[in-house]
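Summary of the model geometry
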Amino acid sequence: MKTTIDHTIEFVKVKLEGAEAGHDWFHIERVWKLSKKIAEHENCNQLVVELSALLHDIADPKFHNGDETKALTISREFLESEGVEESIIEQVLFVIRNISFKNRSEAPQDLSIELKIVQDADRLDAIGAIGIARTFNFGGFKNNLMYHPDIKPKLTMTKEEYKKSNGTTVNHFYEKLLLLKDLMNTEKGKEIAQERHDYMLGFLDQFYKEWNVD
């Protein structure tokens, strides 16, 4: 007999069919698996963690004219149709509402452990080899320059500036990706992040060597 998790997987696969490759089902699957891995080391509600991981990008605002409510509406309607109790739904929506990097200054101070776990997993998928691949994929999707020596990273952007940014793909490393290691919430997240962070630094070193041919 299929579980709520099974039904959620089926639902997400259908909803994200044809999505941009960095925010497709495979991104969700990796975040879900990472969340379960981190959750093994934490005292948490496993159902909330898994549902939140599976639904966290069901309607990414980047692809819905900046609408940050669409994912909440879709998730609530789906979870209610599955008969999930209200207390669980509220916890899942809390994660979806507060997981984003761009919303970190607006998030409440008291974060649930479930949010911390899924947020770490989502951020881990933004760094390392997969993170590099996703970043260049999305840069190409937006037709951004890979790199321009005269365009410097913007390190103090507001939320609105970040949402509208069309800087180079390499600048995105400095504006977000290289910051994520120090924003990890859990010990397991920090451990995994360090290795992925170091990999990105090595990639950037090699990138500049190949760009600056003598």
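For the structure, check the block above.
My aim in this report is to walk through the structure given alongside it, one point at a time. Being a predicted model, the structure only gives us computed values, none of them experimental.

**Observations concerning the overall build of the protein chain**
- When helices and strands are tallied, the protein chain shows 10 helices and zero strands.
- Element order for the protein chain, N to C, with α for helix and β for strand: α-α-α-α-α-α-α-α-α-α.
- Radius of gyration (C-alpha) of the protein chain: 18 Å, near the 17 Å computed for a compact globule of 214 residues.
- Overall size of the protein chain, expressed as C-alpha extent along the three principal axes, is 65 × 35 × 35 Å.
- Scored against the burial criterion, the 214 residues of the protein chain give a buried share of 46%.
- Residue pairs in contact within the protein chain that sit at least 24 positions apart in sequence constitute 66% of those at least 6 positions apart.
- With an accessible surface of roughly 11,400 Å², the protein chain has 50% of that area assigned to carbon and sulfur atoms.
- Between the centroid of the 28 positive side chains of the protein chain and the centroid of its 37 negative side chains there is a distance of 3 Å.

**Notes on the nonpolar core**
- Leu55, Leu79, Val92 and Leu124 are the most contacted members of the largest nonpolar core, which has 55 residues in total.
- Mapped by element, the contributors of at least two residues to this core are α1 (4–15), α2 (25–39), α3 (46–55), α4 (70–81), α5 (86–98), α6 (113–124), α9 (169–175) and α10 (187–211).
- The residues contacting Leu55, other than those within four sequence positions of it, are Thr8, Phe11, Val12, Ser75, Phe78, Leu79, Val92 and Ile96.

**Examining α4**
- Its 12 residues give α4 an end-to-end C-alpha distance of 17 Å, which sits within 8% of 16 Å, the value for a rise of 1.5 Å per residue.
- For α4, the full list of buried residues reads Ala71, Leu72, Ile74, Ser75, Phe78 and Leu79. Along the long axis of α4, the arc covered by the buried residues comes to 165 degrees, so they all point the same way. Turned more than 90 degrees away from the buried face of α4, the exposed residues are Glu77 and Ser81.

**Comments concerning the packing of α2 against α3**
- Here α2 crosses α3 at 160 degrees, and the two axes come no closer than 8 Å. Judged on the interaxial angle alone, α3 and α2 are roughly antiparallel. In the crossing of α2 with α3, the sense of the turn from one axis to the other is right-handed. Across from Trp25, Ile28, Val31, Trp32, Ser35, Lys36 and Ala39 in α2, the residues of α3 making contact are Gln46, Val49, Glu50, Ala53 and Leu54.
- The residue inventory of the contact of α2 with α3, partitioned by class, reads eight nonpolar, two polar and two charged.

**Considering unusual backbone geometry**
- Of note in the backbone geometry, Asn143 takes a positive phi value of approximately 60 degrees without being a glycine.
- In this structure, Asn143 sits in the loop between α7 (128–141) and α8 (159–164).
- Using a relative accessible area of 70% as the deciding quantity, one classes Asn143 as exposed.

**Digging into the packing of aromatic side chains**
- Summed over the entire model, instances satisfying the criterion amount to 12 aromatic pairs.
- Both rings, one in Tyr147 and one in Trp211, keep their centres 4.8 Å apart while their planes meet at 85 degrees; by these two values the pair is edge-to-face. On the criterion of sequence distance, the pair formed by Tyr147 in the loop between α7 and α8 and Trp211 in helix α10 is long-range, its members being 64 residues apart.
- Here Tyr147 falls in the buried class, since its relative accessible area comes to 16%.
- Classification of Trp211 by relative accessible area gives partly exposed; the value is 37%.
- Residues Phe203 and Phe207 carry aromatic rings whose centres are separated by 6.1 Å and whose planes lie at 40 degrees to one another, so their mutual orientation is tilted. Of the two residues, Phe203 and Phe207 both sit in helix α10, four residues apart, roughly one turn of that helix.

**Concerning α5**
- In a regular helix each residue adds 1.5 Å, so 13 residues correspond to 18 Å; α5 covers 18 Å between its end C-alpha atoms and thus fits that length.
- Looking at α5, one finds that the buried residues are Ile88, Ile89, Val92, Leu93, Val95, Ile96 and Asn98.
- For α5, the elements touching its buried residues are α3, α4 and α6.

Rules behind the numbers
Residues numbered from 1 in each chain as written. Predicted model: local features only at pLDDT ≥ 70, side-chain atom pairs only at ≥ 80, totals over all residues. Heavy atoms only, no water. Helix = DSSP H or I, 4+ residues; strand = E, 2+ residues; numbered from the N terminus. Rg over C-alpha atoms; globule rule 2.2 N^0.38 Å. Buried < 20%, exposed > 50% of the residue type's maximum accessible area, 1.4 Å probe, protein only. Contact = heavy atoms within 4.5 Å. Areas by Shrake-Rupley, 256 points an atom, 1.4 Å probe, with all protein chains shown as cover. Lys, Arg positive; Asp, Glu negative; His and termini not counted. Charge placed at Lys NZ, Arg CZ, Asp CG, Glu CD. Core = buried A, V, L, I, M, F, W, Y, C linked by side-chain atoms within 4.5 Å. Expected span 1.5 Å × (residues − 1). Arc of directions from axis to C-beta. Axes fitted to C-alpha atoms, helices over the stretch in contact; angles between N-to-C directions. Parallel < 35°, antiparallel > 145°, perpendicular 65-115°, else oblique. Left-handed = near helix turned anticlockwise from the far one by under 90°. Nonpolar A, V, L, I, M, F, W, Y, C, P; charged D, E, K, R; others polar. Phe/Tyr/Trp six-rings, centres within 6.5 Å; stacked < 30°, edge-to-face > 60°.

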